[in-house]
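# Commentary on secondary and tertiary structure
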Amino acid sequence: MSELPRFGAGLWHFASYLDRYATDGYAPEVSTLEQIARAGEVGDLSVVDVPYPFTEGVTVVEVKEALSDAGLEAIGVTPEIYMRKYGKGAFTNPDPAVRAEAIAFLNEAADVVRALGASYLKVWPGQDGWDYPFQVNHHDQWELAVQGMREVALANSDLKIVIEYKPREPRNKMFWDSAAKTALGIKAMGVDNVGVLLDFGHALYGGESPAAAAQLLIDHGLLWGMDVNDNLRGWDDDMVVGTVHPVEVFEFFYTLKINNWEGVWQLDQFPFREDTVEAAKLSIRFLKGLHRALDELDMDALREAQARQDALGAQKLVQDVLFACLRSE
């Protein structure tokens, strides 16, 4: 069996959650330091993506020490530019003062990336979008979205910056909504330190093939990170990976393998009602099995089936390895 990849997770996986119904949350609040400790309990995680700001009173030094104690490293920092103050957008807010504040905050988060020795600053502009027809001027808003990202990139040319696109939520429609549009936006920036973090579930419920989206980004040299999870296709459910769409997850990782993509296999999940540590362990159990299945897959036979567009032949080859892959986990 080939060497296992490194596994990671968004630190929010180990937090507590609320929604628009259970506004009291599904569990008591969990601090940044407690989240790190829980991530360390999983055993197979090497890295975590750390939200910023940290919970109240927690310092960068404390986070760094907690990561070390848990045997973890920070792979990225995700600044929270999707809270109330950015309800009408961060880069695209109608108020220039709010736009300037968002960029200043991202530059502050970039310093946290440096302090933690992380690999990238992740930008998820969840409030940059619209909710109703005629609400925005699409040309002007897209210009603001691209220019804002360019400004952050130029101010932090020593760092990698990744954009995580998503079709919708919290806005009814987001500007950075697909692999293709995100690639076009990055091309328009004219910088070389911005790439894409592809979230499997975002591609899935956005109507994309996650594998095809990955291939597009790889072909343009832009797939710099990825998250995996699962959903029921109508929403970003962030379920345990492989529980709903195991075949499409397999095709996604097959695409990464044939392109020699060697990044971290990272979880982005929200186990609202489940034990967060156990949810991560189950996900990694599946990913280890999937890794074995990739080793056992008859690549030459699959390529021949694909050359004939032999859907049934390809499916048989996939089923033979995929549904046996957990036999020893």
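Here the structure is shown first, and the text comes after it.
So, here is what we can say about the structure in this document. It should be emphasised that the depicted structure is a prediction, and the values quoted were computed from it without experimental measurement.

### Some remarks on helix α3 (residues 96-116)
Its 21 residues place the ends of α3 31 Å apart at the C-alpha level, agreeing with the 30 Å of an ideal helix rising 1.5 Å per residue. All buried positions along α3 are accounted for by V98, A102, I103, F105, L106, A109, A110, V112, V113 and L116. Along α3, the residues classed as buried sweep out an arc of 160° about the axis, all on the same side. Residues of α3 that are exposed and angled more than 90 degrees away from the buried face: P96 and A97. Where α3 is buried, its residues touch β2 (45-52), α2 (60-69), β3 (73-79), β4 (120-123) and α4 (138-155). Looking one or two residues past α3, G117 carries a phi angle of roughly 65°, positive in sign.

### With respect to unusual backbone geometry
With the exception of glycine, the majority of residues adopt a negative phi angle, and the majority of peptide bonds are in the trans configuration. Along the chain, Y52 connects to P53 via a cis peptide bond; the corresponding omega equals 10°. Positionally, P53 belongs in the loop between β2 and α2. Cis geometry is found at the peptide bond from E169 to P170, where omega equals 10°. Along the chain, P170 falls in the loop between β6 (160-164) and β7 (173-174). Residue N260 is not a glycine yet carries a positive backbone phi of 55°. Even without being a glycine, Q309 presents a positive backbone phi close to 50°.

### Overview of the packing of helix α5 (residues 179-189) against helix α7 (residues 210-219)
Direction vectors running N to C along α5 and α7 enclose 15°, while the axes themselves pass 10 Å from each other. In this view, α5 runs roughly parallel relative to α7, as classed from their interaxial angle. Classified by chirality, the crossing of α7 by α5 is right-handed. In this structure, α5 uses A179, A180 and A183 to contact α7, whose residues at the interface are A213, L216 and L217. Partitioned by chemical class, the residues of the contact of α5 with α7 number six nonpolar, no polar and no charged.

So, how was this worked out
- Position numbers for residues count from 1 along each chain, tracking the sequence in the order it is written.
- Only residues with pLDDT of at least 70 are given local features in this predicted model, and only at 80 or more are side-chain atom pairs given and counted; all residues enter the totals for whole chains, interfaces and linings.
- Note that the side-chain values use all heavy atoms of the structure and ignore hydrogens as well as water.
- Working definition: helices are DSSP H or I runs of at least four residues, strands are E runs of at least two. Numbering for both runs from the N terminus.
- Under the convention used throughout, the expected extent of a helix is 1.5 Å for every residue step, that is, one less than its residue count.
- Here the term buried applies to any residue with accessible area under 20% of the maximum for its type, exposed to any over 50%, and partly exposed to those in between, with areas from a 1.4 Å probe on protein chains only.
- The arc in question is the one traced by the directions running from the helix axis out to the C-beta atoms.
- For this analysis, residues touch if any pair of their heavy atoms sits within 4.5 Å.
- To get an axis, a line is fitted to the C-alpha atoms, and for a helix only the part in contact is used. The angle between two axes follows their N-to-C directions and goes from 0 to 180 degrees.
- Here the word oblique covers every angle except those under 35 degrees (roughly parallel), over 145 (roughly antiparallel) and from 65 to 115 (roughly perpendicular).
- Note on convention: near helix rotated counterclockwise from far helix by under a right angle means a left-handed crossing. Clockwise means right-handed.
- Under the convention adopted here, Pro, Cys and the residues Ala, Val, Leu, Ile, Met, Phe, Trp and Tyr are nonpolar, Asp, Glu, Lys and Arg are charged, and Gly plus all remaining residues are polar.

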